[in-house]
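# Chain and residue survey
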Amino acid sequence: MVFNKPPRRGHYVIRGTTALTMDPALGELAGADLEIKNGELVAIGSRLPAAGAEAIDGRYTITMPGFVDSHWHVWGTLLRGVVGDGKRHGWFATKGRLGGSFTSEDFAAGVALGMAEGLAAGVTTVHDWSHNLMRYEDAEANLEVHRRLGTRVHFSYSAPSAHPSMPMEKMRAILEKGGVMPDEVMDFGNIRRVADERLPESDGLLTLGVGVRGPARSTPEVYRKEWALARENGLTISMHCAGTQAEVQRIRQVDILHEERLLGPDMLLAHCLYISPRERERLAANRIPVSMSPLSSLRLGMGAPPINGHLAAGIPVSLSLDTTAISACADVFQAMRVAVGLEAIANLDAEALSPRRALELATIDGARALGLDHLVGSLSVGKRADLIMVRTDALNMAPARDPAVAIVHSAQPANVDTVMVDGRILKRHGRLTTVDPSDVVEEANARLTALCERAGYRRPTVENGGPA
Ligand SMILES: [Zn+2]
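Below or above, wherever it landed, is the structure these notes cover. Here the residue index of a chain counts from 1 through its sequence in written order. In view of the model being predicted, local features appear only for residues whose pLDDT reaches at least 70, and side-chain atom pairs are presented and counted only at 80 or more, with totals across whole chains, interfaces and linings using the full set of residues. The side-chain numbers reported here are obtained from all heavy atoms of the structure, hydrogens and water having been left aside.

## Structural notes on a positive patch on the surface
To keep it simple, the criterion reads: For patches, a residue must show more than 30% relative accessible area and have no salt bridge; joins then use 9 Å for like charges and 5 Å for nonpolar side chains, namely Val, Leu, Ile, Met, Phe, Trp and Tyr. Only the protein chains shown count as cover for residues, and the accessible areas themselves come from Shrake-Rupley with a 1.4 Å probe. Between Lys or Arg on one side and Asp or Glu on the other, a salt bridge is scored when a side-chain nitrogen of the former is within 4 Å of a carboxyl oxygen of the latter. Just so you know, the count uses Lys and Arg for positive and Asp and Glu for negative, and it drops His and the chain ends. Where a charge lies is defined by one atom per residue type, namely NZ (Lys), CZ (Arg), CG (Asp) and CD (Glu). Under the scheme used here, helices are H or I runs from DSSP no shorter than 4 residues and strands are E runs no shorter than 2 residues, and both carry numbers assigned from the N terminus.
Taken together, Arg88, Arg97, Lys170 and Lys177 make up a surface patch of like positive charges. Its location among the elements puts Lys170 in helix α5 (residues 168-176).

The structure is reproduced here in structure tokens:
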């Protein structure tokens, strides 16, 4: 795959845009100018002098902070073509059959595909929860793609784990190909090596954590040790609290971690659809953020994410795509729209989750969940320039008036005209600057074909008659 050199951090002024700042002190500004210098937002106002700055025409655009996705297994995007519906070809079965055969090159191809799509759709920060790492080189390949694309990434190093609903024999067979058994501790030597080799050259765009299997998928000896090692090494701890209602109720992970005195604000949990009221209180008391993925929850039939319920309990909530092999595309606009719709139905109240609140969940609250809100998540003077410009003169957007309503209810990734991460322009006039999408797609197709051949997996395709 050929990457272009990331553009320099220049001196720009966006003129005459509608700024949806997500900064409570600034609110929404019509006809606004934003000045960006060396990667920082240095001024927001009207008719800024901005001497010497390159002007970017902001007319007919909404400028807002880029989306912060708080839980995305980006590598899995490579499997999008072979994940179908039903148990046999669903996400967990396909991940189980192909995940262990991934090479480092497959990681690179999957991450390039997922993240190029994500950047094009306005995701400027991703929590890349890489839960299939078998070798140090896999993490290296994964992170190198983010570096070349220019993404801001919180990377959770995470070993493969089979799904807990699988029979033990099947789980063992899968993990023997390249996983970590429930009674084995993850390789923290590799994680430290990632920190040593990758952090110094990251320009501040990379932060690190671990994705642990927790009480549902590893033994007490193992998760206790992993918690201790994560905290010794200053790494955030992310864990799934997922599965069917029965699975979640059988192993009350939050209660177990509470008893063990392991809960803390350095954690992040995904889903938490079926936690008890007591578990909710415990998450709120520990300020533990929960990442909710409306699109994947719906596709998997997991249930409707109780966003308002968690918020009302005092839990910090943010939004995520989980994996685009399930959520199907990196469309945060759609994720917000679905979140708003689900709450409207659950409460029989169209205003139950407002577009503005949904936008907070997808931007500033995501940044808070990742400990990055001092840098990104809102258009605020002094923060890094991670922003997107969405065109309002498109057929599906015009005649836009209320910017939050237009973004949540009308916008699509194709309306994202410009994307800036840390002051570097990664998309302009609708085109990515660091990579050619056709290269990424070609590589993904070739890698997926080779992966399926290597793993002896007959893909359901139109040619072979669809899912067997
Ligand atoms: Zn997940």
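## Brief notes about the pattern of salt bridges
Our working definition: Only protein chains enter the calculation, and the probe is 1.4 Å; a residue is then buried if its accessible area is under 20% of its type maximum, exposed if over 50%, and partly exposed in between.
For the coordinates displayed, the defined rule picks out 31 salt bridges. Between Arg198 and Glu144 there is a salt bridge, with its nearest N and O atoms 2.9 Å apart. Taken as a pair, Arg198 in helix α6 (residues 188-198) and Glu144 in helix α4 (residues 136-149) lie far apart in primary sequence, 54 residues in all. For Glu144, a relative accessible area of 22% gives the class partly exposed. Here Glu443 ties to Arg447 by a salt bridge, and the two come within 3.1 Å at their closest N and O atoms. Note that Glu443 and Arg447 are positioned in helix α19 (residues 437-454) at a spacing of four residues, about one turn of the helix. Residue Arg447 is classed as partly exposed on the basis of its relative accessible area, which comes to 26%.

## Section: the environment of Gly214
As a reminder of what qualifies: In what follows, a contact means two residues having at least one pair of non-hydrogen atoms within 4.5 Å.
Here Gly214 is to be found in helix α7 (residues 214-217). Residue Gly214 is classed as buried on the basis of its relative accessible area, which comes to 0%. Sequence separation between Gly214 and Lys37 is 177 residues, and the spatial gap between their C-alpha atoms is 43 Å. Each residue touching Gly214, except ones within four places of it in the same chain, is listed here: Tyr223, Trp227, Met239 and Gln253.

## A look at the coordination of the zinc ion
For clarity, the cut-off: Any N, O or S atom lying within 2.8 Å of the metal counts as a donor, and for Na, K and Ca the limit rises to 3.2 Å; water is left out, so some sites can look incomplete. Donor angles set the geometry label: tetrahedral for four donors if every angle is between 85 and 135 degrees, square planar for four and octahedral for six if opposite donors exceed 155 degrees and the others are between 65 and 115, irregular for anything else.
Bound to the zinc ion on the protein side are His71 (NE2), His73 (NE2), His240 (NE2) and Asp322 (OD), at distances that span 2.1 to 2.7 Å. Between the four donor atoms coordinating the zinc ion, the angles at the centre fall across 82 to 167°, so the site counts as irregular. Sequence spacing of the donors to the zinc ion: H-x1-H-x166-H-x81-D. Here His240 is found in strand β10 (residues 236-241), whereas its partner Asp322 is found in the loop between β13 (317-319) and α14 (324-327), with 82 residues between them in sequence. Residues His240 and Asp322 agree in their burial class; the two are buried.

## A closer look at the sheet that holds β10
The criterion, for reference: At least two bridges found by DSSP between two strands is the condition for calling them paired. Every angle, taken between N-to-C directions, lies between 0 and 180 degrees, and every axis is a line fitted to C-alpha atoms, over only the stretch in contact when it is a helix.
Read from one edge to the other, the open sheet built from eight strands follows the order β6-β7-β8-β9-β10-β11-β12-β13, with strand pairing classed as parallel. Pairing within the sheet leaves two strands with one partner each, and these edge strands are β6 (67-72) and β13. Shown here is a sheet whose adjacent strand axes are inclined to one another by a mean of 25°, direction ignored. With five bridges connecting them, strand β8 (residues 152-157) and strand β9 (residues 206-212) associate as parallel partners. Each residue of the ladder has a partner; that of His154, found in β9, is Thr207. The sheet contacts of α6 involve β8 and β9, and relative to β9 the element is tilted by about 170°.

## Describing empty space enclosed by the protein
Our working rule: Within this scheme a cavity is a closed region of a 1 Å grid, computed over the protein atoms alone, that accommodates a 1.4 Å probe without allowing it to escape, whereas a pocket is open but has protein on both sides within 12 Å along at least five of seven lines; lining residues each have an atom within 4 Å of a point. Grid points are joined across faces, edges and corners, and a volume is the space filled by probe spheres set on the points. Under this grouping Gly is polar, as are all residues other than the nonpolar Ala, Val, Leu, Ile, Met, Phe, Trp, Tyr, Cys and Pro and the charged Asp, Glu, Lys and Arg.
Scanning the model with the defined rule gives three cavities of 30 Å³ or more in all. Counted as a void, the second largest cavity has a volume near 70 Å³. Around the second largest cavity, the lining residues are Trp129, His131, Ser158, Ala159, Ser161, Gly211, Val212, Arg213, Arg217 and His240. Tallied by class, residues from the lining of the second largest cavity come to three nonpolar, five polar and two charged.

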